[in-house]
Amino acid sequence: MEYKFIAIPDCLLAIGTCFVLSTIFVSSLYVWNSHYDRDHASTIKKRFLSVFVVMLISPAFVYFAINKDTLKMKTLWQVLGLRTEGLFQAVFIPLLLTIVLFTGPIYMQVRSGLFSAYTDPNYWSSNVKNLIWLRNHVVAPLAEEFTYRSCMLPILLQCFTPLAAVFICPLFFGAGHFHHVIENMKKGMKFKHAILMSCFHCFYTTIFGIYSAYLLLRTGHFASAFIVHAFCNHMGFPEFHELMNYGKKQQIIASLMFVTGFVLWCFLLNPLTEPVLFHNHLHL
């Protein structure tokens, strides 16, 4: 693929724009003078408002940073990945691909009986009324993917190669999670432990960000990044330590599930994200 996003010759300007966007996003969470922690209903509602305001202003950064010739060929919304062509495939194919990756954790949920809860209507009816669940599964993926992927990736693609942009974009996302140091220390966690936990959080969110940015690049759809982010938030980081509670036979089976899922995901990643499947001509 040959990318035409070359409007910003100074890559520092592109990086600077993304840095400002990331700073605004994180800062918006702390504009409220709240004495409650992040899981309190009052804090969650105020932060919902904050990130929605950021989502409203973020496209302006893209508009002023993007090559105006690009906007003659595509609308701003298309550049942001908000389009209907290929939407069905963009929702289900990346989700299926990610489910394959999580074969191991899903097997563990089936074995523990947790998976059966998903067939209970009460599980869903109670969760959609839960602000923490809505934050983790709807609002956070929506706001973060729109700001950190849909808005930042097109800016970076103007002066970086697609591969470089995919790896640079998540750095802002990962670094943006360092603010959890403040949250953890408020809960009484020691500074050293808070830093270590945030470093780990930063690491795996950056890894996820690479995957999410790649999906957006290949599908040209914001929906792909959003649905996969929501699913990964639901699954959480794999609980490998739980394998120690299994019998030897079950450990072998579970381990095989983890390996099989990862290997299949590696083989399917490129074939199932071919741009032609999603009618993606945005960055061609």
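First, a word on what this report is: a plain description of the structure on this page. (Residues numbered from 1 in each chain as written. Predicted model: local features only at pLDDT ≥ 70, side-chain atom pairs only at ≥ 80, totals over all residues. Heavy atoms only, no water.)

1. A short note on the overall build of the protein
As a reminder, the rule being used: Strands here mean DSSP runs of E at least two residues long; helices mean DSSP runs of H or I at least four residues long; both are numbered from the N terminus. It is over C-alpha atoms that the radius of gyration is taken, and the globule rule equals 2.2 Å times the number of residues to the power 0.38.
Across its full length, the protein holds 13 helices and zero strands. Order of helices (α) and strands (β) in the protein, N terminus to C terminus: α-α-α-α-α-α-α-α-α-α-α-α-α. Over its C-alpha atoms the protein spans a radius of gyration of 20 Å, differing by no more than 12% from the 19 Å that the globule rule assigns to 284 residues. Taken over the C-alpha atoms alone, the protein extends approximately 60 × 50 × 35 Å along its principal axes.

2. Notes on the environment of Asp120
As a reminder, the rule being used: In protein, a polar contact means a hydrogen-donor-capable atom and an acceptor-capable atom, both N or O and within 3.5 Å, with residues adjacent in sequence counting only if both atoms are side-chain atoms; elsewhere, any N or O pair within 3.5 Å suffices.
If you trace the backbone, Asp120 turns up in the loop between α6 (103–112) and α7 (121–127). When the C-alpha atoms of Asp120 and Ile207 are compared, they prove to be 32 Å apart, with 87 residues separating the residues in sequence. A distance of 3.0 Å separates a polar atom in the side chain of Asp120 from the backbone nitrogen of Asn122.

3. Observations regarding α6
Put simply, the test is: The cut-offs for exposure are 20% and 50% of the maximum accessible area for each residue type, with area from a 1.4 Å probe on protein chains only; residues under the lower value are buried, those over the upper are exposed, and the others partly exposed.
Residues Gly104, Pro105, Ile106, Tyr107, Met108 and Gln109 constitute the buried set of α6. Residue Gly113 follows α6 closely and has a positive phi angle near 90°.

4. Topic: the environment of Pro154
In this fold, Pro154 is placed in helix α8 (residues 131–156). Along the chain, Pro154 and Leu80 lie 74 residues apart, while their C-alpha atoms are 7.4 Å from each other.

5. Points about a nonpolar patch on the surface
Operational definition: Exposure above 30% relative accessible area and the lack of any salt bridge qualify a residue for a patch; like charges then connect within 9 Å, and the nonpolar side chains Val, Leu, Ile, Met, Phe, Trp and Tyr within 5 Å. Each accessible area is a Shrake-Rupley result for a 1.4 Å probe, and residues are judged covered by the shown protein chains and nothing else. The term salt bridge refers to a pairing of a side-chain nitrogen on Lys or Arg with a carboxyl oxygen on Asp or Glu at a separation within 4 Å.
The grouping of Val31, Trp32, Leu49, Val53, Leu56 and Ile57 at the surface amounts to a nonpolar patch, some 580 Å² of accessible area in total. For Leu49, the location among the structural elements is in helix α2 (residues 41–65).

6. A few points about the packing of α6 against helix α13 (residues 248–268)
Basically, it comes down to this: Interaxial angle, 0 to 180 degrees, is taken between N-to-C directions of lines fitted to C-alpha atoms, where a helix line uses only the stretch in contact. Whether two residues are in contact is decided by their heavy atoms, any of which lying within 4.5 Å being enough.
It is at 7 Å that the axes of α6 and α13 come closest, and there the two elements cross at 145°. Between α6 and α13, the residues in contact are Thr103, Gly104, Pro105, Tyr107, Met108 and Arg111 and Gln250, Ile253, Ala254, Met257, Phe258 and Gly261, respectively.

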